[in-house]
Amino acid sequence: FQVVPLGAGQDVGRSCILITMGGKNIMLDCGMHMGFQDDRKFPDFSYISGGGRLTDYLDCVIISHFHLDHCGSLPHMSEIVGYDGPIYMTYPTKAIAPVLLEDYRKVQADIRGDPNFFTSHNIKECIKKVIAVNLHEIVQVDETLSIRAFYAGHVLGAAMFEVRVGCQSILYTGDFNMTPDRHLGAARVLPGLRPDLLISESTYATTIRDSKRARERDFLKKVHDTVMNGGKVLIPVFALGRAQELCILLESYWERLDLKVPVFFSQGLAGKANAYYRLFINWTNEKIKKTFVHRNMFDFKHIRALSDYNLVEMPGPMVLLSTPGMLHGGHSLQVFKKWCSDPKNMIIMPGYCVAGTVGAKVIGGMKQIEMDGRMFDINLGVEYMSFSAHADAKGIMQLIRDCEPRNVMFVHGEAGKMEFLKDKVEKEFGLRVYKPANGETVSIPASLEMDIEVPAELIHRSISLDPTPAKRACPFRASLLLDKQSSTLEVLSTEAAAAQFAFQIHTITHSEYIQTEKDINWKELARSVRSNVDMEMQQKADGIEAFDGDVVVMKCKDDSRKVELMWTENMDSWQPQIAELIRKAGGGGAVAN
């Protein structure tokens, strides 16, 4: 089968992978690139249809989770380019994705004035085409195509998807996290899944992250030192996931030290987030589930919503968690512009930033950045601390160990980092590893299996021809007939196959003479052959016939202690056993050919 990335090939952002397998075309994710404002923010859908509608080309679309670099182009793809087929995602993703898409639409269309952006109506019509799936539920898209979702950690509702067409299968990770955090569990798949291809993200391909506790201590110390020095701390986050993780961390720290410095989060963030966590509590980890019985884990005492935007102008220290996480627009960028020139302030970037975004420039150490047509001096402290909910190199290796794929492909990462991990996987597992660029087609060798209907009489005949008493395994003897016109494969007996083609069957017969010590007791020999070899054997005047004449024991007229044993080539396995019965019936003896 073939795989071509339309986005996220040796790149982070705009995830969109096209799979052609067993005559089916499947799109995995349909994301947007946050580093571009022109048409490059969308995947190149013209690759699929030459610019026409996609309905006739795609059998289904699968969305792994609600982050915009995985679902941001979905309304554009379904409503503007044109796709009416099924779109699959988990229940939390179906609930949350339209909210994030609408927020992003407001920024792009209403604030930035992009006239070609999708509308609120487009989002609603797109979501009508979505079919929500449960974890581990096998969903039959059609007769031969099925999908199944597995828990991916990362964010609420994130899933890995197994896609199966006939005997071929792939496992697509989307974004995943192999270590549990404060509010979500670790990704898990059925062990020994053995897909033909594992398509894995590789955002942190060269990273093996330090101890989580040490990272949390470092984060809290940086925040504490800054606010104690009278500075403000900006933490850009995405609406669901890292925001909740850091809020739980700050809340417990503020409670423990009884700090009075105000901590805010963007207005609207908490209400929506808490509603979703309440609704989809089963997707969180065990601690959150247990706590929820007594109180809402996301109702905070020390952290409150930023009810008035003017509060960011307030003198004195404060902490603000604000969206979006890459500073590519929205509230976090507005606040950053106000706070970036004061060296007392600090920005802590807790996650990955796509190249081209303001966040990536800040992490890169730029001291002057152009934002909305103006140059700004960057004097505040900058810390990049990965609280990312992505798997690191260790996590990716663990997933390969768990699911035992035949081939591996890396997407959603930088080319250099992918090359490092490719070498590591090839050395440790001996697997073929691919890392295609956008638009590059890769052909994956797949194992071919098929189900064949076999006539029961052929199986019984094969069993009867096997001399082993247990009959646990035996050679299967038959002819395979391929009809090229109908592409059907038929299993026939050799006789039936010969009759179809009007062929004569030629048989090779072997024979040997066996000399015994005494006269052969033919009654005893017949009884032994019937009970040990063939219940339907026939005793005749001149000897014994078994297996419809394929084995014959003939008397020698001139010597009562000598017999001729004859057998066809397909009875070779029985010859030693029958020869031994003849010797016993004649009191032992040596062979004379």
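If you're wondering where the values come from, they're calculated on a predicted model, not measured in any experiment.

Chemist: I'm lost on the overall build of the chain in this one. Help?
Modeler: Within the chain, the secondary structure is distributed over 17 helices and 30 strands. The globule rule puts the C-alpha radius of gyration for 593 residues at 25 Å, and the 35 Å found for the chain is more than 25% above it. Overall, the C-alpha framework of the chain stretches about 125 × 55 × 45 Å when taken along its three principal axes. Buried positions account for 53% of the 593 residues belonging to the chain. For the chain, contacts bridging at least 24 residues in sequence account for 71% of all contacts bridging at least 6. For the chain, the computed accessible surface area is about 27,000 Å², with 51% contributed by carbon and sulfur atoms. Charged side chains in the chain number 67 positive and 73 negative. The centres of these two groups are separated by 8 Å.

Chemist: Would you take a moment to explain the pattern of salt bridges for this structure?
Modeler: Where charged atoms of side chains with opposite charge meet at close range, the side chains can pair. Tallied over the entire structure, the rule returns 23 salt bridges. With its nearest N and O atoms 3.1 Å apart, the salt bridge here joins Arg-194 to Glu-404. With Arg-194 in the loop between strand 10 (168-172) and strand 11 (197-201) and Glu-404 in the loop between helix 12 (393-403) and strand 20 (407-411), this pair connects stretches of sequence that are 210 residues apart. By relative accessible area, Arg-194 is classed as partly exposed at 44%. The salt bridge partner of Lys-221 is Asp-225, with a shortest N-O separation of 2.9 Å. Taken together, the residues span about one helical turn, with Lys-221 and Asp-225 both in helix 6 (residues 212-228) at a distance of 4 residues.

Chemist: Which parts of the structure should I look at to understand the packing of aromatic side chains?
Modeler: Describing an aromatic ring pair means giving the distance of the ring centres and the angle of the ring planes. Tallied over the entire structure, the rule returns 6 aromatic pairs. Considering the side-chain rings of Phe-117 and Phe-118, the 4.4 Å spacing of their centres and the 35 degrees angle between planes classify their relative orientation as tilted. Exposure remark for Phe-117: the relative accessible area of 6% places this residue in the buried category. Here the aromatic cluster, defined as three or more aromatic residues joined through ring pairs, consists of Tyr-104, Phe-117 and Phe-118. Over the aromatic face of Tyr-151 sits the side chain of Arg-188, whose NZ or CZ is 4.5 Å from the ring centroid. In this structure, Lys-555 packs its charged tip against the face of Trp-522, placed 5.3 Å from the ring centre.

Chemist: Looking at this structure, I do not really get the sheet that holds strand 5 (residues 87-90). What am I missing?
Modeler: Either a parallel or an antiparallel arrangement is found when strands of a sheet pair, and the pairing is made through backbone hydrogen bonds. Strand order across the open sheet formed by 7 strands is 6-5-4-3-2-1-22, with mixed pairing between neighbours. Because the sheet does not close on itself, it has two edges, and the strands there are strand 6 (130-133) and strand 22 (442-443). Where strand 5 and strand 6 come together, 4 bridges link them in parallel fashion. When the bridges of strand 6 are listed, Tyr-88 appears paired with Ile-131.

Reading guide: rules and limits
Residues numbered from 1 in each chain as written. Predicted model: local features only at pLDDT ≥ 70, side-chain atom pairs only at ≥ 80, totals over all residues. Heavy atoms only, no water. Helix = DSSP H or I, 4+ residues; strand = E, 2+ residues; numbered from the N terminus. Rg over C-alpha atoms; globule rule 2.2 N^0.38 Å. Buried < 20%, exposed > 50% of the residue type's maximum accessible area, 1.4 Å probe, protein only. Contact = heavy atoms within 4.5 Å. Areas by Shrake-Rupley, 256 points an atom, 1.4 Å probe, with all protein chains shown as cover. Lys, Arg positive; Asp, Glu negative; His and termini not counted. Charge placed at Lys NZ, Arg CZ, Asp CG, Glu CD. Salt bridge = Lys/Arg side-chain N within 4 Å of Asp/Glu carboxyl O. Phe/Tyr/Trp six-rings, centres within 6.5 Å; stacked < 30°, edge-to-face > 60°. Lys NZ or Arg CZ within 6 Å of the ring centre and 35° of its normal. Pairing = 2+ DSSP bridges.

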